[in-house]
Amino acid sequence: MSHTIAVGEKSLHENRWGNTGGDNESWQNAGWDQDVIRDGHRDWAGNLGGLLPDKKHPDSSSHWSNMFGSSHPSGVVFVFADGAVRSISYDVAPIQFERAANISDGESLNLDN
């Protein structure tokens, strides 16, 4: 459980906070959509397991991302299934990040780049 992501920050361009479908704006419900669902497998451009800072997310109200990200300078903060909170660097190997998002792959894990 110490190597499995439970909750993490979402990627959203800073200009889109509170005013796009990928954020919790007043007209969107918090159901099974880009408000609350995140994917550790692909980034917004379709690349394997990416983590990107918010400033690299498309600045578009029509782009609803489902990837993890943040506006922190060095990485994204996650809560793991054992309750631990830690930051994962934007430079983490994509396959390692993908494995952290998979509860049952049984593969070794290194989240320290």
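Presented here is an overview of the structure given in this document. (Residues numbered from 1 in each chain as written. Predicted model: local features only at pLDDT ≥ 70, side-chain atom pairs only at ≥ 80, totals over all residues. Heavy atoms only, no water.)

## Structural notes on the sheet that holds strand β1 (residues 5-8)
Right, so step 1: Read across the open sheet, the three strands follow the order β1-β4-β5; overall the sheet is antiparallel. Each end of this open sheet is capped by a strand with a single partner; those strands are β1 and β5 (85-89). Neighbouring strand axes in the sheet, compared pairwise and without regard to direction, differ in orientation by 45° on average.
Right, so step 2: Relative to β5, strand β4 (residues 75-80) is paired through five bridges, and the arrangement is antiparallel. Paired with Gly 75 across the bridge in β5 is Ser 89. (Pairing = 2+ DSSP bridges. Helix = DSSP H or I, 4+ residues; strand = E, 2+ residues; numbered from the N terminus. Axes fitted to C-alpha atoms, helices over the stretch in contact; angles between N-to-C directions.)

## Observations concerning the nonpolar core
Right, so step 1: In this structure, Ile 5, Leu 51, Phe 68, Val 76, Phe 78, Phe 80, Ile 88, Tyr 90, Val 92, Phe 97, Ala 100 and Leu 111 together form the largest nonpolar core, which totals twelve residues.
Right, so step 2: Within the residue set of this core, elements represented by two or more residues are β4 and α1 (94-100).
Right, so step 3: By residue number, the principal contributor to this core is β4, which donates three residues.
Right, so step 4: Residues contacting Leu 111, with those up to four places away along its chain left out, are Phe 80, Arg 86, Ile 88, Val 92, Gln 96, Phe 97 and Ala 100. (Core = buried A, V, L, I, M, F, W, Y, C linked by side-chain atoms within 4.5 Å. Buried < 20%, exposed > 50% of the residue type's maximum accessible area, 1.4 Å probe, protein only. Contact = heavy atoms within 4.5 Å.)

## Quick notes on the pairing of β4
Right, so step 1: Relative to β4, β1 runs antiparallel, the two being bridged by three bridges. Within β4, the residue paired with Gly 8 across the bridge is Phe 78.

## Structural notes on the packing of aromatic side chains
Right, so step 1: Counted under the stated rule, the structure contains three aromatic pairs.
Right, so step 2: Here Phe 68 and Phe 78 contribute two aromatic rings whose centre-to-centre distance is 5.1 Å and whose plane-to-plane angle is 65°, an arrangement assigned as edge-to-face. A residue pair is termed long-range when its members are at least 10 positions apart, and Phe 68 in the loop between β2 (52-53) and β3 (69-70) and Phe 78 in strand β4 qualify at ten residues.
Right, so step 3: Centroid distance Phe 78 to Phe 97: 5.6 Å. Interplanar angle 50°. Geometry classified as tilted. Here Phe 78, found in strand β4, pairs with Phe 97, found in helix α1; they are 19 residues apart in sequence, far enough to count as distant. (Phe/Tyr/Trp six-rings, centres within 6.5 Å; stacked < 30°, edge-to-face > 60°.)

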